[in-house]
Amino acid sequence: MYIPVLVLAALVIGAAIGVWRAKRRGGKLLDLLQYAAAHAIPLMILALFVTIFLDRSGH
């Protein structure tokens, strides 16, 4: 299974940002997980579109 590095990096960065924001607001474990998912998913989708665009444009 091929997972583009850009998409994987977006997952990690988005989850880290979400956990950081939830901790800053005093969140518990489920808050941390929810914020991580809520930040990781949109960044992954954006990275996926960027990856598709770069692949189709020949870069």
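Fair warning: this is a prediction, and the values are worked out from it, not measured in the lab.

Engineer: Tell me about the overall build of the chain, and name the residues and values.
Structural biologist: Secondary structure summary: the chain contains two helices and zero strands in total. Here the C-alpha atoms of the chain give a radius of gyration of 14 Å, more than 25% beyond the 10 Å that 2.2 N^0.38 yields for 59 residues. Each of the 59 residues in the chain was classed as buried or not, and the buried ones make up 20%. Considering only contacts within the chain whose residues lie at least 6 apart along the sequence, 53% involve residues at least 24 apart. Summing over all exposed atoms, the chain offers an accessible surface of approximately 4,700 Å²; the carbon and sulfur share of this is 73%.

Engineer: Tell me about the packing of aromatic side chains, and please be specific about residues and values.
Structural biologist: Geometrically, a pair of aromatic rings is defined through the distance of the ring centres and the angle of the planes. For the structure on display, the rule yields zero aromatic pairs. The positively charged end of Arg-24 is found above the aromatic ring belonging to Trp-20, 4.7 Å away from the centroid.

Engineer: Please give an account of a nonpolar patch on the surface that cites residues and values.
Structural biologist: On the surface, a nonpolar cluster with roughly 830 Å² of combined accessible area is contributed by Leu-6, Ile-13, Ile-17, Trp-20, Leu-43, Leu-46, Val-50, Phe-53 and Leu-54. Elements supplying a minimum of two residues to the nonpolar patch: α1 (5–24) and α2 (29–57). Considering every element that reaches the nonpolar patch, the biggest residue donor is α2, with five residues. Counting through the fold element by element, Leu-6 comes out in helix α1.

Engineer: Go over the environment of Ala-15 with me, naming the residues and quoting the values.
Structural biologist: Within the secondary structure, Ala-15 sits in helix α1. For Ala-15, a relative accessible area of 23% gives the class partly exposed. Counting along the chain gives 25 residues from Ala-15 to Ala-40, while the straight-line C-alpha distance between them is 4.9 Å. Apart from the residues within four sequence positions on either side, Ala-15 is in contact with Ala-36 and Ala-40.

Engineer: Requested: an account of α1, with residues and values cited.
Structural biologist: An α-helix turns once per 3.6 residues; consequently, residues spaced three or four apart project the same way. The terminal C-alpha atoms of α1, which comprises 20 residues, lie 28 Å apart, in line with the 28 Å expected from a rise of 1.5 Å per residue. Where α1 is concerned, the buried positions are Val-7, Ala-10, Gly-14, Gly-18 and Ala-22. Projected onto a plane normal to the axis of α1, the buried residues spread over an arc of 90° and lie on a single side. Turned more than 90 degrees from where α1 packs its buried face, Val-5, Val-12, Trp-20, Lys-23 and Arg-24 sit exposed.

Thresholds, definitions, all that
Residues numbered from 1 in each chain as written. Predicted model: local features only at pLDDT ≥ 70, side-chain atom pairs only at ≥ 80, totals over all residues. Heavy atoms only, no water. Helix = DSSP H or I, 4+ residues; strand = E, 2+ residues; numbered from the N terminus. Rg over C-alpha atoms; globule rule 2.2 N^0.38 Å. Buried < 20%, exposed > 50% of the residue type's maximum accessible area, 1.4 Å probe, protein only. Contact = heavy atoms within 4.5 Å. Areas by Shrake-Rupley, 256 points an atom, 1.4 Å probe, with all protein chains shown as cover. Phe/Tyr/Trp six-rings, centres within 6.5 Å; stacked < 30°, edge-to-face > 60°. Lys NZ or Arg CZ within 6 Å of the ring centre and 35° of its normal. Patch = residues over 30% accessible without salt bridge, like charges linked within 9 Å, V, L, I, M, F, W, Y side chains within 5 Å. Salt bridge = Lys/Arg side-chain N within 4 Å of Asp/Glu carboxyl O. Expected span 1.5 Å × (residues − 1). Arc of directions from axis to C-beta.

From the geometry alone we can't say anything about function, so treat these as descriptive.
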